[in-house]
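Observations on the model geometry
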Amino acid sequence: MTVSQRLRQAAGPIWEQCLTHPFVTGIGDGTLPAEKFRHFMLQDYLYLFDYARVFALGVVKSRDAALMRAFAKNVDAVLGGEMNIHRAYMERLGISEEQVLAARPALDNLSYTHYMLSVAERGGPMEITASILACSWSYAEIGQALALRPGAAEHPFYGEWIRGYASEGYAAANRELIGLMDRLAAGASEGQLAYLAEIFVNCSRYELAFWDMAWELRT
């Protein structure tokens, strides 16, 4: 079993709850109230700034050029790629970027990003990768699962979101992160592997809490 497979297995029960969460299934069948999706998009947009900062700390803490480039590539993918999905929806929802930046992050959002940043500041590239992988990988699985539902990817409103996270481009970027995790953790001690699993599971728990936050409109 690879390190990434071990992490995925440890978080399995939590990811199953994410896949069957009413917010996620509501995107899939098109019944999610727009108000809840609007709250989610605002919070997720704010989250992505700190998510990019975690990748940036990977650049700072890397000791070779190839690893620096790998983390820098992901900073650009978040700020210049994934955020484009959010900007398109915000335009459709009539939300300006100024309004987003004036919004306050929900407590669930703050707790999640502060945890990742804390892990990144205390650890190295291996721990940083474990902290960011749960988000990337779980969204790839959610996007692919929703895309399998008849008509979901063609929904006039939520289809774009599903297609974005089910795309081959997003899947390829996620596979690169999985491969990076396995390379960085090659030769890690059992204690280090246990800590990586702890980070990955904690971030998976935060992912589930983020869906709860969006569904319940928590601030």
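Computed from a prediction, not measured in an experiment: that's the story for all the values here. (Residues numbered from 1 in each chain as written. Predicted model: local features only at pLDDT ≥ 70, side-chain atom pairs only at ≥ 80, totals over all residues. Heavy atoms only, no water.)

**Points about the packing of helix H4 (residues 34-61) against helix H8 (residues 125-147)**
Worth spelling out the cut-off: Orientation is described by lines fitted to C-alpha atoms, with helices fitted over the stretch in contact, and by angles between N-to-C directions that extend from 0 to 180 degrees. Helix and strand assignments follow DSSP, with helices taken as H or I runs no shorter than four residues and strands as E runs no shorter than two, numbered in order from the N terminus. When describing relative orientation, an angle under 35 degrees is termed roughly parallel and one over 145 degrees roughly antiparallel, while 65 to 115 degrees is termed roughly perpendicular and anything else oblique. Throughout, a crossing is termed right-handed when the near helix is turned clockwise from the far one, and left-handed when it is turned anticlockwise from it by less than a right angle. Contacts: residue pairs with any heavy atoms within 4.5 Å of one another. Lys, Arg, Asp and Glu make up the charged group, whereas Ala, Val, Leu, Ile, Met, Phe, Trp, Tyr, Cys and Pro make up the nonpolar group; the residues left over, Gly among them, are polar.
Running from amino to carboxyl end, H4 crosses H8 at an angle of 150 degrees, the nearest separation of the two axes being 10 Å. Considering their axes alone, H4 and H8 lie roughly antiparallel with respect to each other. Relative to H8, the crossing made by H4 is left-handed. Across the interface between the two elements, Phe40, Asp44, Tyr47, Tyr51, Val54, Phe55, Leu57, Gly58 and Lys61 from H4 touch Pro125, Ile128, Ser131, Ile132, Cys135, Ser136 and Tyr139 from H8. Of the residues contributing to the contact of H4 with H8, the split by class is eleven nonpolar, three polar and two charged.

**Examining empty space enclosed by the protein**
Where we set the bar: Grid points spaced at 1 Å and placed over the protein atoms alone form the basis of the search, with a cavity being a set where a 1.4 Å probe fits but cannot get out and a pocket an open set showing protein on both sides within 12 Å along at least five of seven lines. Lining residues have an atom within 4 Å of a point. Grid points are joined across faces, edges and corners, and a volume is the space filled by probe spheres set on the points.
In the structure shown here, the tally under the stated rule is one cavity of 30 Å³ or more. The calculated volume of the largest cavity comes to roughly 30 Å³. Lining the largest cavity are Trp15, Cys18, Leu19, Ser138, Glu141 and Ile142. Of all the elements in the fold, those that place two or more residues in the lining of the largest cavity are helix H2 (12-19) and H8. In terms of residue class, the lining of the largest cavity is made up of four nonpolar, one polar and one charged.

**Focus: the packing of H8 against helix H10 (residues 168-184)**
Contact pair H8 / H10: the axes reach a minimum separation of 9 Å and the direction vectors enclose 150 degrees. Our pair here, H8 against H10, has a crossing hand that is left-handed. Along its contact with H8, which presents Pro125, Met126, Thr129, Ala130, Ile132, Leu133, Cys135, Ser136, Trp137, Tyr139, Ala140 and Gln144, the element H10 presents Tyr170, Ala171, Asn174, Leu177, Ile178, Leu180, Met181 and Leu184. Residue composition of the contact of H8 with H10, by class: 16 nonpolar, four polar and no charged.

So, to be careful, I would describe these as geometric facts and stop short of saying anything about function.
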